Each structure stands twice: as structure tokens, then as C-alpha cells.
Amino acid sequence: MPWVPELFTAPALQQLLDKRRRDELLAVPYLDGFLAGETDALVESFAGEPMVHDPVRGRVKGVPAFRAFATEMHDWLLRRNVSVEDVDHVVLARRGFEEVVLHLDGETGRVALPFAAVADRRADGRIDEVRVYHSNRPLRGRHASRPPLLQPDAELRAPDVVAEHQRCLAAGDLDAVVAAFEPDGSVREPADATVHRGRDGLRALYARMFSHGGGVVQRPCAIVGDEGVWALEYNVVRWGREQLLPQAAVAVYVEGQGGRLSAVRVYDDVEPPFAHAAGG
């Protein structure tokens, strides 16, 4: 997801097929679309006015703004010598998401940037809007608070394995949140792609997260996924004792064969309150 393959020229589409070693594409991946340099195909992939929510450039709305954004993205990807490591994707009739890790030239060398995009689609495959999530810290050396992109949905019903993790996280229940994972389960952090794995790694991670006086409260907004992989968009509203201005985030949850979580991959730019206490 999210771009409509049929809108690209035959040479550009063949190049994408060759790159991914496929005979067909249900959708052209987000960053591949910008790298192709075919802005008309991107514009026409939207059902109406283009709309992208980007962590660096903010809301990009309308054809002129989007065309400028597409040019910036194309140039930025080339200038930073970006290579894309695919992680996972889900393409459904009305919604989809993809997640990758970007490897790019930073100020002092190569850096890894976990990157996710969620799209709302029409029945014909055209896009209503795209919401992009990543941390700014690998790019700018600091976090950037991000306002909500969606409103909480009190009626949203997440799969049990996701809802249980959310409950344990909000309660700050260390034993329960670790028990929500498979024995070799993992959590990947958004700012530097650090992976915490296994009971000991997860316990150390969540003990640190809960050290500021309690759990992390997230208000779910939307969810998309199937067959044991889901992307949950939410707003972070509290961390321990600290009430936060709501901040947009998404996490991808993967269910293991044992019915518990095998992986959680987070994409946000929320700065932990204990970072200030530690001088960071």
C-alpha cells in the first residue's frame, strides 16, 4: 500500500516488479511511489484531494502542496542514500498499513529509522488519506511532540491479545504485561530500532517504563489487520504520574502460535518523562 499500480507507466511498474521479484502488485509501497518519480500516479491514487499526515512536514493537503511534498520526498530519499528494509504489510479492501526500517545517512553516519504508514481506501483502491508515523530523534537528535491525527473510538474492539496488552500497560502491571508475550516475544522501540527480547529483556524494558509512577495510558482510535497482525492507531495521554497532551502513535501487534504476543513494534515520537530526570 498505498498507491494504485495501474496508474504508473509500464517501465516504472516493471522496475518495481523486478525490484520486488513479483509478477503483480496489489499496491505500490509508499516510499517506492516517491522513488519512482511519477507524481501524477501518486496524485491520481487519491479519491479526492491528496491528504498526507507526515511527522516532519505536518498535514499535506491539496494537489499543489502534495506535488511539492512528493518532489521533496524524492529528493530527500536520494540525498540521504536511503535503503528500505521491508518489515510487514497488510492490504485490505478499505484500509491497509506497511512498516519498514529506513537505513539512511545521518549527521554522524548511517542510522536506522522505523517507519510506518496507514492508509484509508475506497472500494476501488483509491486513497482517502495516508498517516505516516516515525520518530524525529534519529533525524534531528530530538523528539517532536505530535498532536492527534484521529479521535479516540470508545466503541473500538481490539483482538483479545491486543486489548490485554493495552490493559496491562495502562495499569503499570509489570508481571502481567510480560506474561502477555510469548517466552521469546519482543518489543522494538521507535527511535533507534532497539529490540528487547525474551522475559528478561521485556521485564527490564517495562520496569523502566513504569518507573515514573505507573503505566502508560493510550486511547485507541482505529485498528487494521488480519491473520494475527494488527496496526493499532492511538493517542498517548498519560505516562506514569505525567498527564500528557495527547500524542499520535501506532503500534503493530503480532500474535504468536501460543496465542500471546510474539512482537510489538512501536512508531511514535513520545518522549518518556524519565528522560528529563536522567538529563536526556
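Before reading further, recall that the structure is shown in the block above.
Below or above, wherever it landed, is the structure these notes cover. (Residues numbered from 1 in each chain as written. Predicted model: local features only at pLDDT ≥ 70, side-chain atom pairs only at ≥ 80, totals over all residues. Heavy atoms only, no water.)

1. Topic: the side chain of Ser45
Where we set the bar: Helix numbering and strand numbering both begin at the N terminus, where a helix is a DSSP run of H or I of at least 4 residues and a strand a DSSP run of E of at least 2. Each residue is placed in one exposure class: buried if its accessible area under a 1.4 Å probe, protein chains only, is under 20% of its type's maximum, exposed if it is over 50%, and partly exposed if it falls in between. What qualifies as a polar contact is a pair of N or O atoms within 3.5 Å, subject to a donor-acceptor requirement within protein and to the restriction that residues adjacent in sequence count only when both atoms come from side chains.
Within the element layout of this structure, Ser45 appears in the loop between α3 (39–44) and β3 (51–54). On the basis of relative accessibility, which here comes to 0%, the residue Ser45 falls in the buried class. In terms of polar contacts, Ser45 uses its side chain to reach the backbone carbonyl oxygen of Ala41, at 2.8 Å.

2. Quick look at the environment of Val130
The cut-off we apply is this: Contacts are assigned to residue pairs with any non-hydrogen atoms lying within 4.5 Å of each other.
Considering the arrangement of structural elements, one finds Val130 in strand β8 (residues 127–133). Residue classification places Val130 among the buried positions, given a relative accessible area of 0%. Sequence separation between Val130 and Gly141 is 11 residues, and the spatial gap between their C-alpha atoms is 25 Å. In contact with Val130, not counting residues within four places along its chain, are Pro2, Tyr30, Phe46, Met51, Val52, His53, Ala117, Val118 and Ala119.

3. Remarks on the environment of Gly198
With respect to the element layout, Gly198 can be found in helix α8 (residues 198–209). For Gly198, a relative accessible area of 13% translates into the label buried. For the pair formed by Gly198 and Ser186, sequence separation is 12 residues and the distance between their alpha carbons is 6.3 Å. Setting aside chain neighbours within four positions, we find Gly198 in contact with Pro183, Asp184 and Gly185.

4. A closer look at helix α4 (residues 63–79)
Worth spelling out the cut-off: The length a helix should cover is 1.5 Å for every residue beyond the first. Along the arc lie the directions from the helix axis toward the C-beta atoms.
If you check α4, its first and last C-alpha atoms are 24 Å apart, about what 17 residues at 1.5 Å a residue would give, namely 24 Å. Looking only at α4, the buried set comprises Phe66, Phe69, Ala70, Met73, Trp76 and Leu77. Viewed along the axis of α4, the buried residues span an arc of 135°, placing them on a single side of the element. Seen from the buried face of α4, the exposed residues on the opposite side, beyond 90 degrees, are Pro64, Leu78 and Arg79. At the C-terminal side of α4, Asn81 shows a positive phi close to 55°.

5. Here we look at the pairing of strand β14 (residues 261–267)
Threshold: Two strands pair if DSSP finds at least two bridges between them.
When you tally the buried positions in β14, you get 6 out of 7 residues, the bulk of the element. In this sheet, β14 lies alongside strand β9 (residues 181–188) in parallel orientation, the contact comprising 4 bridges. Note that in β14 the partner of Ser186 across the bridge is Ala263. Judged from the 6 bridges that link them, strand β13 (residues 242–255) and β14 form a sheet pairing that is antiparallel. Bridge pairing links Val252 to Arg265 in β14. Adjacent in sequence and paired antiparallel, β13 and β14 are bridged by 5 residues, among which Gly259 carries a positive phi angle near 90°.

Everything listed here is a matter of geometry and, on its own, says nothing about what the molecule does.
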